[in-house]
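# Fold and geometry: a report
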Amino acid sequence: MEPAPPFRRRWPWLTADLQTIRNVLPGRLAGIPPESGQRFEIPLRDGSGDRLVARYHPGYGAAPAIILVPGLTGCEASRHVLQAAGAFLAAGHPAIRLNLRGSPPGRTLARGHYHMGRVRDLADACLAAAELDPAIRERGIVVLGYSMGGALALRLAAAPYLPATVMAAVSISAPLDLAAAADRVARLRNRFYERWLLARLREETEPVWRRAPAAVQNAVAAARHIRDFDDALTAGEAGFRDAADYYASCSPARSLGALRVPALIVHADDDPWVPPPSVAASSRLRVVVTRGGGHVGFHGKGSRLPWYLAAAAGFVRASADACRAPAAP
């Protein structure tokens, strides 16, 4: 893998919090227009009748397709998704901006909502992407996810039903231990962040909890922390007893030893939301922890694009080269 230059924070984004909030502050950032691309729907194979919605951008050349998976309360129009799509399209890759089940762009297409148990949704999206163009089936797919989307990408990379077209996975600022991430975001110094996330979660999941019994509705309204919200709604929707059971069962760290394709984990040592990973690299796992960078930040010197894109691009090229290399006799 070609090493990216070391990450160095760019002024004025010199703290973990400034790195983290950069993508939601006013101002122009590099990236494609949110309304660009071909909108298409993805039927899910779980018998629910739910569908996902995504946007497809054809590429050129022999580059693998990149499926971009947003994080908690994110969508196809998240600014880091738009930045990544623009960068990979410029390098010739087809790009798919995916919306998870029940997120606002596809809210009318699903009764259910995404959670960390919905790994098969991502597999179905990969199968649908491979039907968009024969070249995608030939050149393969790399799944790149942010935060929760990155955690889903890692779980998919270790799943027995991983589609054959998937050649690699990349996670940016992903929670490998869901309980530890819930505890970290609940710290007093993160209270503003957590309130913001909870407000967005309540709004996004309203079609789900409005159908639930009154006790669930009251618990959702009373939730003060992400763990409370997961106890009230997410765990039950995912089929678990409570948040602790959900976190223990769906944390990606427990399945990294079963990876079926190469995976890259990119994380910052000062991420205010998610603890840095405590996993070792292996033949199929590369772990990069930078000094500084915040949560899905990585606004560094030398480029107006986030630093992780250079690291991901090198990893994707190496993975594609390895897939093309002839097998040893």
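Located above this text is the structure these notes cover.
The rules we used
- Residues numbered from 1 in each chain as written.
- Predicted model: local features only at pLDDT ≥ 70, side-chain atom pairs only at ≥ 80, totals over all residues.
- Heavy atoms only, no water.
- Helix = DSSP H or I, 4+ residues; strand = E, 2+ residues; numbered from the N terminus.
- Rg over C-alpha atoms; globule rule 2.2 N^0.38 Å.
- Buried < 20%, exposed > 50% of the residue type's maximum accessible area, 1.4 Å probe, protein only.
- Axes fitted to C-alpha atoms, helices over the stretch in contact; angles between N-to-C directions.
- Parallel < 35°, antiparallel > 145°, perpendicular 65-115°, else oblique.
- Left-handed = near helix turned anticlockwise from the far one by under 90°.
- Contact = heavy atoms within 4.5 Å.
- Nonpolar A, V, L, I, M, F, W, Y, C, P; charged D, E, K, R; others polar.
- Pairing = 2+ DSSP bridges.
- Right-handed = clockwise from strand over helix to strand, strands pointing away.
- Arc of directions from axis to C-beta.
- Polar contact = N/O pair within 3.5 Å; in protein donor to acceptor, adjacent residues only side chain to side chain.
- Phe/Tyr/Trp six-rings, centres within 6.5 Å; stacked < 30°, edge-to-face > 60°.
- Lys NZ or Arg CZ within 6 Å of the ring centre and 35° of its normal.
- Salt bridge = Lys/Arg side-chain N within 4 Å of Asp/Glu carboxyl O.

### Quick notes on the overall build of the protein chain
Of the regular secondary structure elements, the protein chain holds 12 helices and 8 strands. Relative to the globule expectation of 20 Å for 329 residues, the C-alpha radius of gyration of the protein chain, 19 Å, shows essentially globular dimensions. In terms of overall dimensions, the protein chain has a C-alpha envelope of 60 × 45 × 40 Å along the principal axes. For the protein chain, buried positions account for 55% of its 329 residues.

### Here we look at the packing of helix α9 (residues 214-222) against helix α10 (residues 226-238)
For any two helices packed against each other, the geometry comes down to the angle between their axes and how far apart the axes lie. Viewed as axis vectors pointing N to C, α9 and α10 meet at an angle of 155 degrees, and their least axial separation amounts to 8 Å. With respect to each other, α9 and α10 are oriented roughly antiparallel. In this structure, α9 meets α10 at a crossing whose hand is left-handed. Between α9 and α10, the contacting residues are V216, A219 and V220 on the first element and F229, A232 and L233 on the second. For the contact of α9 with α10, the class distribution of residues is 6 nonpolar, no polar and no charged.

### Brief notes about the pairing of strand β5 (residues 141-146)
Here β5 lies mainly inside the structure; 6 of its 6 residues are buried. With burial as the criterion, each face of β5 is covered, one bearing I141, V143 and G145 and the other bearing V142, L144 and Y146. In the sheet, strand β3 (residues 65-69) pairs with β5 via 5 bridges, with the strands oriented parallel. Bridge pairing in β5 places I67 opposite V143. Pairing of β5 with strand β6 (residues 166-172), which is carried by 6 bridges, proceeds in the parallel orientation. Paired with L144 across the bridge in β6 is V170. Taken together, β5, helix α5 (residues 148-157) and β6 form a β-α-β motif whose crossover is right-handed.

### With respect to helix α6 (residues 178-185)
Among all positions of α6, only L178, A181, A182, R184 and V185 are buried. Along the long axis of α6, the arc covered by the buried residues comes to 165 degrees, so they all point the same way. Taken together, the buried residues of α6 touch α7 (191-204), α10 and α11 (243-250). At the N-terminal boundary of α6, the capping side chain belongs to D177, with an oxygen 3.1 Å from the backbone nitrogen of A179.

### Observations regarding the sheet that holds β5
Pairing is mixed in the open sheet, where 8 strands are placed in the order β1-β2-β4-β3-β5-β6-β7-β8. Across the chains shown, the open sheet's two edge strands, defined by having one partner strand only, are β1 (38-43) and β8 (285-290). With strand direction ignored, the average angle separating the axes of adjacent strands in the sheet is 20 degrees. The strands touched by helix α2 (residues 79-90) within the sheet are β2 (51-57), β3, β4 (95-98) and β5, with β4 carrying the most contacts at an inclination of about 170 degrees. The strands that helix α12 (residues 308-324) touches are β3, β5, β6 and β7 (263-268); relative to β6, the one it contacts most, it runs at about 165 degrees.

### Things to note about the packing of aromatic side chains
Taken as a whole and judged by the stated rule, the model has 9 aromatic pairs. In this arrangement the basic side chain of R120 is found over the ring face of Y161, its NZ or CZ atom lying 3.8 Å from the centre.

### Some words on the pattern of salt bridges
In the structure shown here, the tally under the stated rule is 15 salt bridges. Between R101 and D50 there is a salt bridge; the shortest N-O distance is 2.9 Å. Of this pair, R101 sits in the loop between β4 and α3 (119-130) while D50 sits in the loop between β1 and β2, and the two are 51 residues apart along the sequence. The exposure class of D50 is buried, given its relative accessible area of 6%. Notably, a salt bridge pairs R210 with E206, separated by 3.0 Å at the nearest N-O pair. The exposure class of E206 is partly exposed, given its relative accessible area of 30%.

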